[in-house]
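Summary of structural features
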Amino acid sequence: STLVTGLNLQGLGGVNVLTLDAAGKVIATARRDGDYVRLMRPTDTGTFLLCTNDHILETRTDLGEIRQLRAEGFLHAWKAHRYADGSTLVSAGYGAFMARFDAAGNLVATFGGKDRVPAEISPNFYASFQVLDDGRIVVANWQGHGPDNGTKGRQLLEFAADGRMLGAWRLFVGAFCTVV
């Protein structure tokens, strides 16, 4: 089966998860109150991490809540990554920082925020990210819709596993890059 999440799917209102069979037919629906959902990511333990506006909601398939992961400043929390040890890394969207939670769901650290990176980074919206095999974290720092955003801030950020900034790049059309 396939799970699809979104807002007001099939007129249900709120945050919805539809379960589709192999033919694409809806075979189950689940609903929770909410006004934003970005990604729904499975964990190795069979739960799901739903990125909502101001928190990450960990649920069962039926959207039954297990817990919420919250950090002051989340705004359109974008992506969550569950590590093998049960800890979770989250990009804060317009909060423009990364947050790390321990296996119990407690906030243990934030990094990459406006007060912790050089001004030329211009943190705006921390979106997708990738945890590399060696633990480094590469984060997309989206600068907005429209032309000329390639000249704003740095759009690709690299952090060590402990949150130290390692590098940042400004990306231009034509694959030109500069390293900070």
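Coordinates for the structure precede this section.
First, a word on scope: everything that follows refers to the structure included in this document. (Residues numbered from 1 in each chain as written. Predicted model: local features only at pLDDT ≥ 70, side-chain atom pairs only at ≥ 80, totals over all residues. Heavy atoms only, no water.)

**Brief notes about the pairing of strand β14 (residues 156–159)**
Pairing of strand β13 (residues 137–142) with β14, which is carried by four bridges, proceeds in the antiparallel orientation. Bridged to V139 within β14 is L157. Note that β14 and strand β15 (residues 165–171) share four bridges and pair antiparallel. Bridge pairing links L157 to A168 in β15. Counting the residues between successive antiparallel strands, the hairpin from β14 to β15 contains five residues, one of them, G163, with a positive phi of roughly 95°. (Pairing = 2+ DSSP bridges. Helix = DSSP H or I, 4+ residues; strand = E, 2+ residues; numbered from the N terminus.)

**Some points on the nonpolar core**
The biggest cluster of nonpolar side chains holds 15 residues, and the ones touching the most others in it are L89, M98, Y126, I137, V139 and F159. Secondary structure elements with two or more residues in this core: β12 (125–131), β13 and β14. Residue contacts for L89: discarding those within four places in its chain leaves K79, A80, H81, Y83, M98, A99, R100, F111, F129, V131 and I137. (Core = buried A, V, L, I, M, F, W, Y, C linked by side-chain atoms within 4.5 Å. Buried < 20%, exposed > 50% of the residue type's maximum accessible area, 1.4 Å probe, protein only. Contact = heavy atoms within 4.5 Å.)

**A short note on the sheet that holds strand β9 (residues 88–91)**
Strands sit in the order β8-β9-β10-β11 across an open sheet of four strands; the sheet is antiparallel. Looking at the sheet topology across the chains shown, the edges are occupied by β8 (79–82) and β11 (107–111). Across the sheet, the axes of successive neighbouring strands diverge by a mean angle of 20°, strand direction being ignored. Here β8 runs beside β9; their pairing, made up of four bridges, is antiparallel. Of the residues in β9, the one forming a bridge with R82 is T88. (Axes fitted to C-alpha atoms, helices over the stretch in contact; angles between N-to-C directions.)

**Some words on the sheet that holds strand β3 (residues 26–32)**
Here we have three strands laid out as an open sheet, ordered β1-β2-β3, and antiparallel in their pairing. Each edge of the sheet is formed by a strand with only one pairing partner; in this case those strands are β1 (2–7) and β3. Across this sheet, the average inter-strand angle for adjacent strands is 20°, counted without regard to direction. As paired elements, β1 and strand β2 (residues 15–20) share six bridges and run antiparallel to each other. From the neighbouring strand, G6 faces β2, where its bridge partner is N16.

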